[in-house]
Amino acid sequence: MMILVTGATGTNGREVVNRLIAAGQAVRALVRDPPKARELADAGAELVRGDLGDAASLKAAFSGADAAFFVAAVDARFVGWFRNFLDGALATGKQLRIVKFSGMGSSVDSPAEIMRQHGQTDEVLAASGLPYTILRPNAFYQNMLWSAQSIKEQGAFYLPMGNARQSLVDVRDIANVASRVLTTGGYEGKAYDITGPESLSYHDVAKTLSAVLGKPVKYVEVPAAAAVDAMLKTGMPEWNARAVGELYTAFVERGYAEITSAIEEITGRAPTSFEQFARDHASVFQ
Ligand SMILES: NC(=O)c1ccc[n+]([C@@H]2O[C@H](COP(=O)([O-])OP(=O)(O)OC[C@H]3O[C@@H](n4cnc5c(N)ncnc54)[C@H](OP(=O)(O)O)[C@@H]3O)[C@@H](O)[C@H]2O)c1
């Protein structure tokens, strides 16, 4: 079976490619810049040059594929990118299995644009007539890696999350789910909210990091507007900074603390705890 993977150089795509190769599948990775994706080729993936904004490149990428995994960057053009991807799949005339990365809380009615984009594209996929599965993970443990420098240098991280609790999840577990769903039947026509095993506030996250790292780590609450300013200062495009700010506000207002059994149900393994994630990444925060 040949599986096409988009976003293959990113946080989730890279993990999914590695899982599929380990499971003995043939993987074709859609990449914008093949020389920058050497690691994927070395791992055994076939690289195909393409861009989600270039419909013709996608049609070519789908040639000979039996299934495809879609994940893409947070971007103002996301909906158009997904339409190009789906058109490429439909143009093959085959009943390709499509597994789409979405997000917990996705809805066309969400106050946050990123969740509306996912809601809209999830609906487009469900209406496509192709066998599909939608994965809706909660926020990743791996997002804490964005704060690695301030944790290392100041023993602190800064987020506009108030006291909100979230059932945060490990990207490695999501990749196990994606790999299983891509390679096994029985998940078609379904959407799964994917969460970790606990609902954590960022005060809880700080407590676990302190215990695992053996040094005090403090969560400093900041207003959403300050977080947006900080993202803009790092050079993040304005749309992205505003859209991520909206997400933070949605997380605080709505919560997203529900725990689901999707990881255990689909992979047969218990989800990774945040403490285990912290141990596995301790050197990055120390
Ligand atoms: N962060 C969270 O907690 C969270 C939770 C739930 C859902 N999500 C969703 O997860 C998705 C992001 O996943 P991620 O964190 O794994 O992504 P990521 O690490 O940001 O990687 C994005 C990928 O998209 C590729 N890409 C960017 N522009 C492209 C284009 N024009 N054509 C083709 N490929 C392009 C990038 O390739 P290059 O190497 O060429 O740049 C990269 O491989 C978003 O949809 C987000 O809403 C995130």
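Residues numbered from 1 in each chain as written. Predicted model: local features only at pLDDT ≥ 70, side-chain atom pairs only at ≥ 80, totals over all residues. Heavy atoms only, no water.

**Remarks on unusual backbone geometry**
The line we're drawing: Only DSSP runs of H or I with at least four residues qualify as helices, and only runs of E with at least two residues qualify as strands; both kinds are numbered from the N terminus onward.
Within the chain, Y256 stands out as a residue other than glycine whose phi angle is a positive 60°. By the secondary structure assignment, Y256 is in the loop between α10 (238-254) and α11 (262-267).

**Brief notes about the site of the ligand**
The line we're drawing: Nearness here has a simple test: a residue counts as near a molecule or strand if at least one of its heavy atoms is within 4 Å of that partner. Throughout this description, a polar contact denotes any pair of N or O atoms lying within 3.5 Å of each other; where both atoms belong to protein, one of them has to be capable of donating a hydrogen while the other can accept it, and for residues adjacent in sequence the pair is counted only when both atoms sit in side chains. Here the accessible surface of atoms and residues is derived via Shrake-Rupley with a 1.4 Å probe, and residues count as covered only by protein chains that are part of the display. Basically, the charged four are Asp, Glu, Lys and Arg, the nonpolar ten are Ala, Val, Leu, Ile, Met, Phe, Trp, Tyr, Cys and Pro, and anything else, Gly included, counts as polar.
Near the ligand, the surroundings consist of 25 residues, among which T9, N12, R32, L52 and N143 are the closest. The separation between an oxygen atom of the ligand and a polar side-chain atom of N12 is 2.8 Å. Computed on the free molecule, the ligand has an accessible area of 940 Å², of which 81% lies beneath the protein chains in the complex. For the shell around the ligand, the secondary structure elements donating two or more residues are α1 (11-22), α4 (78-91) and α5 (113-126). Split into classes, the residues belonging to the shell around the ligand amount to 13 nonpolar, 10 polar and two charged.

**Points about the environment of T6**
Filter applied, for reference: Categorising residues by exposure relies on relative accessible area from a 1.4 Å probe, with only protein chains included: less than 20% of the type maximum marks a residue as buried, more than 50% marks it as exposed, and the intermediate range marks it as partly exposed. By definition, residues are in contact when any of their heavy atoms lie within 4.5 Å.
Within the secondary structure layout, T6 lies in the loop between β1 (2-5) and α1. Using a relative accessible area of 0% as the deciding quantity, one classes T6 as buried. Separated by 63 residues in sequence, T6 and F69 have C-alpha atoms that sit 6.3 Å apart. Residues within four places of T6 in sequence aside, it is in contact with G13, L30, L52, F69, F70, V71 and F85. There is a polar contact of 2.7 Å between the side chain of T6 and the backbone oxygen of V71.

**Let's talk about the packing of aromatic side chains**
Defined as follows: Pairing of aromatic rings covers Phe, Tyr and the six-membered ring of Trp, with a centre-to-centre limit of 6.5 Å; geometry is then stacked below 30 degrees between planes, edge-to-face above 60, and tilted otherwise.
Under the defined criterion, the tally for this structure stands at 15 aromatic pairs. Both rings, one in Y141 and one in F274, keep their centres 5.3 Å apart while their planes meet at 75°; by these two values the pair is edge-to-face. Placement of Y141 in the loop between β6 (132-137) and α6 (148-154) and of F274 in helix α12 (residues 274-280) is noted, with a sequence separation of 133 residues between them. For the residue pair Y141 and F274, the accessibility class agrees, reading buried in each case.

**Notes on α1**
The condition that has to hold: Expected span of a helix, by definition, is 1.5 Å for each gap between consecutive residues, and there is one gap fewer than residues.
For α1, spanning 12 residues, the distance from its first C-alpha to its last is 17 Å, which sits close to the expected 16 Å at 1.5 Å a residue. Taken from the residues just after α1, G24 is the one with a positive phi, measuring 85°.

**Notes on the nonpolar core**
Counted only if it meets this: Side-chain atoms within 4.5 Å link the members of a nonpolar core, which is a set of buried Ala, Val, Leu, Ile, Met, Phe, Trp, Tyr and Cys residues.
Formed by 39 residues in total, the largest nonpolar core has its most connected members in M144, F157, Y202, V205, L209 and F274. Those elements giving two or more residues to this core turn out to be α5, α6, β7 (156-159), α8 (202-213), α9 (224-233), α10, α12 and α13 (282-285). Residues contacting M144, with those up to four places away along its chain left out, are I151, F157, Y202, V205, L209, F274 and F285. Counting residues in hydrophobic clusters, the runner-up holds 33 residues, among them A37, A178, L182 and Y192.

**Examining the sheet that holds strand β3 (residues 46-49)**
Heads up, the rule is: Strand pairing is assigned whenever DSSP detects at least two bridges linking the two strands. Each axis is a line fitted through C-alpha atoms, taken for helices only over the stretch in contact, and angles between the N-to-C directions span 0 to 180 degrees.
The seven strands are arranged β3-β2-β1-β4-β5-β6-β9 in an open sheet whose pairing can be described as parallel. Two strands lie at the open edges of the sheet, namely β3 and β9 (190-194), each paired on one side alone. Neighbour-to-neighbour, the strand axes of the sheet open up by a mean angle of 20°, direction not taken into account. Inspection of the sheet shows strand β5 (residues 97-101) paired to β6 by four bridges, in the parallel sense.

**Some remarks on the packing of α5 against α10**
The packing of two helices is summarised by the inter-axis angle and the distance between the axes. To keep things clear, this is the line we draw: Here roughly perpendicular refers to angles of 65 to 115 degrees, roughly parallel to angles under 35, roughly antiparallel to angles over 145, and oblique to all remaining angles.
The N-to-C vectors of α5 and α10 enclose an angle of 90°; their axes lie 7 Å apart at closest approach. Comparing their axes, α10 and α5 come out roughly perpendicular. Along the contact surface, α5 presents E113, I114, M115 and Q117, while α10 presents W239, R242, A243, V244, E246, L247 and F251. Its residues assigned to classes, the contact of α5 with α10 shows seven nonpolar, one polar and three charged.

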